[in-house]
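The lines below spell out each chain.
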Amino acid sequence: TGYGTYPHPHIDGLECAGKCDVTMGEFWHGTDIMSQFDHFCNAVRSVASAAHVYGRTLIQAEAFTSWNHFAESPAALKAVGDQAFTDGLNRMVVHQYTHQPWLTGKPGPQYGAGTHLDRNVTWWEQGRAWLLYLARCQHLLQQGRFHADVAYFYGEGVTRFVPGRDHLRPTLPRGYNFDCVNSDVLLHRLTVRDGRLFLPNGIGYALLVLPPERLASPQVLAKLRELIESGANVLGPRPLRAPGLAGYPNCDAQVRTLSDALWGAEDAPSGDRSLGKGRLLWGGTPAEALPAIGIPPDFE
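Residues numbered from 1 in each chain as written. Predicted model: local features only at pLDDT ≥ 70, side-chain atom pairs only at ≥ 80, totals over all residues. Heavy atoms only, no water.

Enquirer: For this particular structure, what's the right way to read the packing of aromatic side chains?
Expert: For any two aromatic rings, the description comes down to two numbers: the centre-to-centre distance and the angle of the planes. Tallying each qualifying case throughout the model produces five aromatic pairs. Relative to phenylalanine 64, the ring of phenylalanine 27 has its centre 5.0 Å away and its plane inclined at 75°; by these criteria the two rings are edge-to-face. A residue pair is termed long-range when its members are at least 10 positions apart, and phenylalanine 27 in strand S1 (residues 23–28) and phenylalanine 64 in strand S2 (residues 59–65) qualify at 37 residues. Across this residue pair, the class does not change: phenylalanine 27 and phenylalanine 64 are buried. (Phe/Tyr/Trp six-rings, centres within 6.5 Å; stacked < 30°, edge-to-face > 60°. Helix = DSSP H or I, 4+ residues; strand = E, 2+ residues; numbered from the N terminus. Buried < 20%, exposed > 50% of the residue type's maximum accessible area, 1.4 Å probe, protein only.)

Next comes the structure, spelled out in structure tokens:
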């Protein structure tokens, strides 16, 4: 899966999910929409980002899980399913359909957890229109290619997961969508064409946002310089040291040298520099940077 619960495992969530042939998360009804355990982690968006950046097409999730036995109806479930679709889901794995060998005694034996979607729930016949709607949405969403203007680099190392939109730092204004990328994708899968960062599957981003923690390895900084000079737009603070001890203490000296080349010799609180064909901004927000590079919101 790659989103992590019980509590977070020490993994790079994107890389782990990206190794799966089909990335899979979960969402719940009657509790936190995407995970009952992770208040800041959006489990559907986590695996959706992994699918986008690692070239997968199917994004599925354990769907409609709950503890609300027989309290759900299509009217109650539709909104949470729609939210999952907007966060990137394109295939539902319903939790759950119980095998019912008996036609009498409704609702019959049921497993303890989960929204019950089987022929013994009272609204099964009346729910046909909603079930067809879910099928149609999934079919259409599997045909397209994701679009977002912003890629958030969520840093290096482990215990890294895609946050829900409300927990992005810095915040993303309404009217724009995002993916997260990790160091593996940054180093090996991103290229620049016509001022946008592109993945091999054709998904492109207008702005790369660095994490607020002022850490970066020399390898990542060297790649950032290459991307910016090729035409990328990057927003983020100047790194002060490397995130680990590989090559210590020379790694920190390399970080200072590379940061000087990108952000300038002085640690200014804000700035805007053109480097090669690209642009490096810091001290501002995505709400300020996106219009500055000519990217208006999708809707106003």
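Having put the structure on the table, let's press on.
Enquirer: When you look at the sheet that holds strand S6 (residues 191–193) in this model, what are you seeing that I'm missing?
Expert: Strand pairing in a sheet relies on backbone hydrogen bonds, with the paired strands running either antiparallel or parallel. Spatially, S6-S7-S8 is the arrangement adopted by the three strands of the open sheet, whose pairing is antiparallel. Bordering the open sheet on either side are S6 and strand S8 (204–205), each of which pairs with just one other strand. Across two bridges, strand S7 (residues 196–198) lies against S8 in antiparallel orientation. Residue pairing for S8: leucine 197 is matched across the bridge by tyrosine 205. (Pairing = 2+ DSSP bridges.)

Enquirer: Sorry, what's going on with the confidence of the model for the protein here?
Expert: Any segment with low pLDDT has predicted coordinates that should not be analysed in fine detail. Per-residue confidence for the protein gives a mean pLDDT of 90, with 94% of residues at or over 70. Taken as a whole, residues 33–37 scores under 50 in pLDDT and shows 21 contacts with residues more than four places along the chain or in a different chain. (pLDDT = per-residue confidence, 0-100. Contact = heavy atoms within 4.5 Å.)

Enquirer: What should I look at first to understand the side chain of threonine 65 in this one?
Expert: You can see threonine 65 is positioned in strand S2. With a relative accessible area of 2%, threonine 65 lands in the buried category. Setting aside residues no more than four positions away along its own chain, threonine 65 makes contact with Phe27, Trp28, His29, His95, Gly114 and Thr115.

Enquirer: Explain the side chain of glutamate 72 here, please?
Expert: Summarising the element assignment, glutamate 72 is placed in the loop between S2 and helix H3 (74–86). At 2.5 Å, the side chain of glutamate 72 forms a polar contact with the side chain of serine 66. In terms of polar contacts, glutamate 72 uses its side chain to reach the side chain of threonine 115, at 3.3 Å. Contacts of glutamate 72, omitting those with residues within four sequence positions, involve His29, Ser66, Leu77, Thr115 and Trp123. (Polar contact = N/O pair within 3.5 Å; in protein donor to acceptor, adjacent residues only side chain to side chain.)

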